[in-house]
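# Chains, contacts and geometry: an overview
Okay, here's what each chain looks like letter by letter:
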Amino acid sequence: ICLIAVAILTAALQALAFPLHMWDSIVLYGFKAKILFLEQNFKADAFMDPTVLHHNADYPLLLPYLEAGFYRWLGHPDDRVIRLLFLAFWISWLSLVYEALAARIRRDYALMLVGFMATLPLFSNMYMGQAVSGFADIPFAFFWTGFILCGLEIEREGSPVRWGLLPLLAVGCVFIKGEGWPAVFVGAGLLALSGPSKHRRSWIGPVLTAAVLLALWLWARHALPHNAPHYFRLLALSVGEVLYRMKLIAGAGMREVVTVRSWGLFWPLALLGAFWPRSRLVFPKESKLIFAAVLAQSCVYAYVYLTYRDSLELLLPITLLRLMLHSTGLVLVALGWRLED
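Residues numbered from 1 in each chain as written. Predicted model: local features only at pLDDT ≥ 70, side-chain atom pairs only at ≥ 80, totals over all residues. Heavy atoms only, no water.

Moving on, we get to the side chain of serine 287. Within the secondary structure layout, serine 287 lies in helix 15 (residues 285-307). Given a relative accessible area of 0%, serine 287 falls into the buried group. Those residues in contact with serine 287 that lie beyond four places of it in its chain are Ala334 and Trp337. (Helix = DSSP H or I, 4+ residues; strand = E, 2+ residues; numbered from the N terminus. Buried < 20%, exposed > 50% of the residue type's maximum accessible area, 1.4 Å probe, protein only. Contact = heavy atoms within 4.5 Å.)

In structure tokens:
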């Protein structure tokens with residue numbers, strides 16, 4: 001508890017000590033938030049006019065809208081106080097992981113695991129993984145973790161409340177980052193197919209609800225200038241180029257796993273926990289589903305790397321840590337559930 005309190009205090013002090021200071025937080029989200037705060041909607045020239053310089057004008061808008069709402073509550077934009085919004089997301093994410101663990105294992109074990117996660121070096125350094133960095137990765141991790149855990153609870157209990165919550169979490173995933181599309185499709189598919197056949201038909205309602213809500217965003221997004229650096233495209237590389245890129249991705253991934261200044265011992269211990277003898281601690285079915293969802297999402301990220309049109313050597317160092325961050329909470333929950341017995 002003391003470690004978690006110190007971690008939260010550190011993040012809060014960092015939030016109030018420095019304003020937003022990195023590209024994505026200032027340009028991709030903060031700039032949009034200020035436009036929404038001033039214009040009250042996204043149908044302004046800064047969004048709609050392709051001759052106005054606006055990077056990634058068609059990015060999902062949930063985070064800018066939340067920031068704009070925060071500014072409206074304050075009465076003016078403030079690039080320092082706005083970081084408290086990201087502190088709230090981080091604390092909520094940690095709380096979600098704790099509740100998922102505490103529902104199955106002893107609460108002192110759950111606190112120990114969450115304390116280990118909360119004190120990871122990347123959450124307190126000045127890089128993109130910082131708890132209050134202003135990037136969308138921790139909010140996305142919150143929504144994705146909630147989506148998967150909610151789906152698993154539905155498979156266990158079939159709660160109508162969770163059926164209503166699932167579409168909102170799906171919309172949160174998609175409306176916060178582009179990575180939300182595969183996360184929702186893959187996660188919903190795995191959960192629906194893995195559960196009892198009597199539950200599969202009941203997935204139709206939540207899926208249709210989420211589809212209608214997301215269709216509204218697709219309709220609105222269609223009118224925005226499409227100037228993001230990467231969209232889904234078919235793989236059109238030679239075998240040699242594919243192998244070369246896979247070598248780069250694998251090398252960068254292995255280096256990131258052992259980067260103590262960002263992750264401490266998290267990933268080495270996670271790998272140890274994943275391959276610990278099955279006879280000692282058995283993985284429940286839900287843990288296996290979480291690992292399957294994380295692996296499928298990792299394959300999507302790898303495919304994006306393979307189809308990226310510019311220098312992969314420049315892209316990997318500034319994205320790989322953030323992509324790995326998305327699955328941290330889910331991996332911790334899946335490993336922690338081995339302690340259920």
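A few words now on the environment of arginine 162. Relative to the helices and strands, arginine 162 is located in helix 8 (residues 160-176). Residue classification places arginine 162 among the partly exposed positions, given a relative accessible area of 26%. Arginine 162 sits 100 residues away from leucine 62 along the chain, and the two C-alpha atoms are 22 Å apart.

Below, the discussion takes up helix 17 (residues 328-336). For helix 17, the buried fraction is high: 9 of the 9 residues fall into the buried class. Where helix 17 is concerned, the buried positions are Thr328, Gly329, Leu330, Val331, Leu332, Val333, Ala334, Leu335 and Gly336.

With 112 residues, the main nonpolar core has Trp90, Trp93, Leu101, Phe123, Phe147, Trp263 and Ile290 as its most contacted residues. Leaving out residues up to four positions away in the same chain, leucine 101 has contacts with Ala110, Leu113, Val114, Leu332, Val333, Gly336 and Trp337. (Core = buried A, V, L, I, M, F, W, Y, C linked by side-chain atoms within 4.5 Å.)

On to the packing of helix 12 (residues 239-257) against helix 15, then. At a minimum axis distance of 10 Å, the contact between helix 12 and helix 15 shows a crossing angle of 125 degrees. With respect to their mutual orientation, helix 12 and helix 15 come out oblique. Between helix 12 and helix 15 lies a crossing of right-handed hand. Between helix 12 and helix 15, the contacting residues are Val242, Arg245, Met246 and Ile249 on the first element and Ala302, Tyr305, Leu306 and Thr307 on the second. Per-class residue counts for the contact of helix 12 with helix 15 are 6 nonpolar, 1 polar and 1 charged. (Axes fitted to C-alpha atoms, helices over the stretch in contact; angles between N-to-C directions. Parallel < 35°, antiparallel > 145°, perpendicular 65-115°, else oblique. Left-handed = near helix turned anticlockwise from the far one by under 90°. Nonpolar A, V, L, I, M, F, W, Y, C, P; charged D, E, K, R; others polar.)

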